[in-house]
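Descriptive analysis of the structure
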Amino acid sequence: MTPYLRGLEAFTDVQRLIVIAAHPDDLETMCGGTVYQLAQRGVEIFSVNCTLGDIGAQDAALSRLELANIRQRETETAARILNLRQTFNLGRPDGELVPDLALRAEIAHLYRRTQADTLFTFDPYWAGQIHPDHRAAGQAALDAYMPSKMPLYRPEQLNEAGAGRGCLARVFLFSPGAEANVVVDVTAVYPQKIAASMAHVSQFPEGEASLDWLKAIDTGIGEKIGVPYAEQFKQMNVW
Ligand SMILES: [Zn+2]
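Bear in mind that the values here come from a model prediction, so they are computed numbers and not experimental data. All residue numbers refer to positions counted from 1 along the written sequence of the respective chain. Local features in this predicted model are restricted to residues whose pLDDT is 70 or higher, and side-chain atom pairs enter the listing and the counts only when it is 80 or higher, whereas totals over whole chains, interfaces and linings include all residues. In computing side-chain values, all of the structure's heavy atoms are included and hydrogens and water are not.

**Re the pattern of salt bridges**
To keep it simple, the criterion reads: By convention in these notes, a salt bridge is any Lys or Arg side-chain nitrogen within 4 Å of a carboxyl oxygen on Asp or Glu.
The final tally for this structure, using the stated rule, is twelve salt bridges. Where salt bridges share partners, they join Arg16, Glu44 and Arg85 into one cluster.

In structure tokens form, the structure reads like this:
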């Protein structure tokens, strides 16, 4: 028997959402439809990409710096389409992300600065997650959760105006494999999800035709709840 799956109601209490991803285009393709629906509801959304995405090309015509700059502009275009409040890039080299103590501290700092109440990030434990940067981003985001709440951890971060102890109350993992317990119908906002994904022209140069793989994934998730397109998450129990 199919377990009961919650939909958008899983996010009823969300007011400030932070999304920790590895690369420009991760948020848009993994959870852009859900994020956009939350933005429509007035949720403040902060997007964090840990890497510059500066190896994301199939030929070596561009320098890594040029590609990083292009991808930053694409990120800002997509953020406008999805009504995100602010984007951050932590500047790590693409393809070499590790969940070290420095990355943990930078992410904890963002939890404290943004006062986000909800985290979306990659599921670092999904056995099918072949991209090491995705695993590392998810691991670092989870590892930063607990220290960010502790006043003796990096206390200088708490001296900034507006900063406070981390106050994340809920964690949702995207790319959770078969263990999803939240499935969100994104059919009504699918045009915005596709538009935000297509803003990453460097990754999807053929436009919508470059996104057949994404539609196939979202269609497959949609079949779980009988709708054309859906996105899925695993909510972690964090206490
Ligand atoms: Zn990625």
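**Some thoughts on the packing of aromatic side chains**
Operational definition: In summary, the pairing rule links any two rings of Phe, Tyr or Trp, Trp by its six-membered ring, whose centres are within 6.5 Å, and it sorts them by plane angle into stacked for under 30 degrees, edge-to-face for over 60 and tilted for everything else. Think of it this way: any DSSP run of H or I at least four residues long counts as a helix, any run of E at least two long counts as a strand, and we number them from the N terminus. Exposure classes here rest on a 1.4 Å probe applied to the protein chains alone. A residue is buried below 20% of its type maximum, exposed above 50%, and partly exposed in between.
Counted according to the given criterion, the structure contains nine aromatic pairs. Plain terms: the ring middles of Phe120 and Phe172 are 5.8 Å apart, the flat faces sit at 80° to each other, and that makes the pair edge-to-face. Taken together, the positions of Phe120 in strand E4 (residues 118–122) and Phe172 in strand E5 (residues 170–174) put the pair 52 residues apart, joining distant regions of the chain. Of the residues examined, Phe120 reaches a relative accessible area of 0% and is grouped as buried. For the ring pair Phe204 and Trp213, a centre distance of 6.2 Å and an interplane angle of 35° mean the geometry is tilted. Residue classification places Phe204 among the buried residues on the basis of a relative accessible area of 8%. By relative accessible area, Trp213 is classed as partly exposed at 38%. Each residue in the set Phe11, Phe120, Phe172 and Phe233 is aromatic and connected to the rest through ring pairs, giving one cluster.

**Quick look at the coordination of the zinc ion**
Each pair of donors in an ideal octahedron of six around a metal sits at 90 or 180 degrees, and each pair in an ideal tetrahedron of four sits at 109.5 degrees. Just so we agree on the cut-off: Here the coordinating atoms are restricted to nitrogen, oxygen and sulfur within 2.8 Å of the metal centre, or 3.2 Å for Na, K and Ca, and because water is not among them the sites may look incomplete.
Taken together, the protein donors to the zinc ion comprise His23 (ND1), Asp26 (OD) and His134 (NE2), at separations of 2.0 to 2.1 Å. Expressed as a motif, the donor residue spacing for the zinc ion is H-x2-D-x107-H. Residue classification places His23 among the buried residues on the basis of a relative accessible area of 7%.

**What to know about the pairing of strand E3 (residues 86–92)**
The condition is simple: Paired strands are those between which DSSP finds at least two bridges. Clockwise travel from the first strand over the helix to the second, with the strands pointing away from the viewer, marks a crossover as right-handed.
Bridging between strand E2 (residues 44–51) and E3 involves five bridges; their strand directions are parallel. Each residue of the ladder has a partner; that of Thr51, found in E3, is Arg92. In the classification by handedness, the crossover that spans E2, the intervening helix H2 (residues 64–81) and the parallel E3 is right-handed.

**Considering the sheet that holds strand E7 (residues 230–236)**
Our working definition: Lines fitted to C-alpha atoms define the axes here, with helix axes fitted over just the stretch in contact, and angles between the N-to-C directions of these axes take values from 0 to 180 degrees. Here a residue-residue contact requires only that any non-hydrogen atoms of the pair lie within 4.5 Å.
Ordered in space as E3-E2-E1-E4-E5-E7-E6, the seven strands form an open sheet in which the pairing is mixed. One side of each edge strand has no neighbouring strand; the edge strands of this open sheet are E3 and strand E6 (182–185). Averaged over neighbouring strand pairs, the angle between their axes works out to 25° when direction is ignored. In terms of strand pairing, E4 meets E5 through five bridges, oriented parallel. Bridging from a neighbouring strand, Thr118 pairs with Arg170 of E5. Sheet strands touched by helix H3 (residues 101–114): strand E1 (16–21), E2, E3 and E4. Its angle to E3, the strand with the most contacts, is close to 165°.

**Some points on the nonpolar core**
Quick note on the threshold: Within this scheme, the nonpolar core is defined by two criteria: the residues are buried Ala, Val, Leu, Ile, Met, Phe, Trp, Tyr or Cys, and they are joined through side-chain atoms within 4.5 Å.
Phe11, Ile18 and Phe120 are the most contacted members of the largest nonpolar core, which totals 63 residues. Per-element tally for this core: the top contributor is helix H4 (residues 132–148), with seven residues. Not counting the four nearest positions on each side in its chain, Phe120 is found in contact with Phe11, Leu17, Ile18, Val19, Ile20, Cys31, Thr34, Val35, Leu38, Phe172, Phe174 and Phe233.

**Let's talk about the state of the cysteines**
Inclusion rule: When two cysteine sulfur atoms are found within 2.5 Å, that pair is recorded as a disulfide.
Counting across every chain of the model gives zero disulfides. Not engaged in a disulfide, the cysteine Cys31 finds its nearest cysteine sulfur in Cys50; these two sulfurs lie 14 Å apart. Cys31 gets classed as buried once you look at its relative accessible area, which sits at 0%. Looking at Cys50, the relative accessible area reads 0%, which means it is buried.

**Notes on H3**
Cut-off, in case you're wondering: Given a helix with a known number of residues, its expected span is that number minus one, times 1.5 Å.
The terminal C-alpha atoms of H3, which comprises 14 residues, lie 20 Å apart, in line with the 20 Å expected from a rise of 1.5 Å per residue. Those residues of H3 lying buried are Leu103, Ala105, Ile107, Ala108, His109, Leu110, Tyr111, Arg112 and Thr114. The elements touched by buried residues of H3 are E1, E2, E3, E4 and H4. Gln115 lies just past H3 and shows a positive phi near 55°.

**Concerning the environment of Asp185**
The following threshold applies: Any N or O atom pair separated by 3.5 Å or less is treated as a polar contact, with the protein-specific requirement of one donor-capable and one acceptor-capable atom, and with residues adjacent in sequence counted only for side-chain atom pairs.
Relative to the helices and strands, Asp185 is located in strand E6. Sequence separation between Asp185 and Met150 is 35 residues, and the spatial gap between their C-alpha atoms is 36 Å. What Asp185 contacts, discounting residues up to four positions off in sequence, is Gln37, Ile225, Val227, Tyr229 and Ala230. Among the polar contacts made by the side chain of Asp185, one reaches the side chain of Thr187 at a distance of 2.6 Å.

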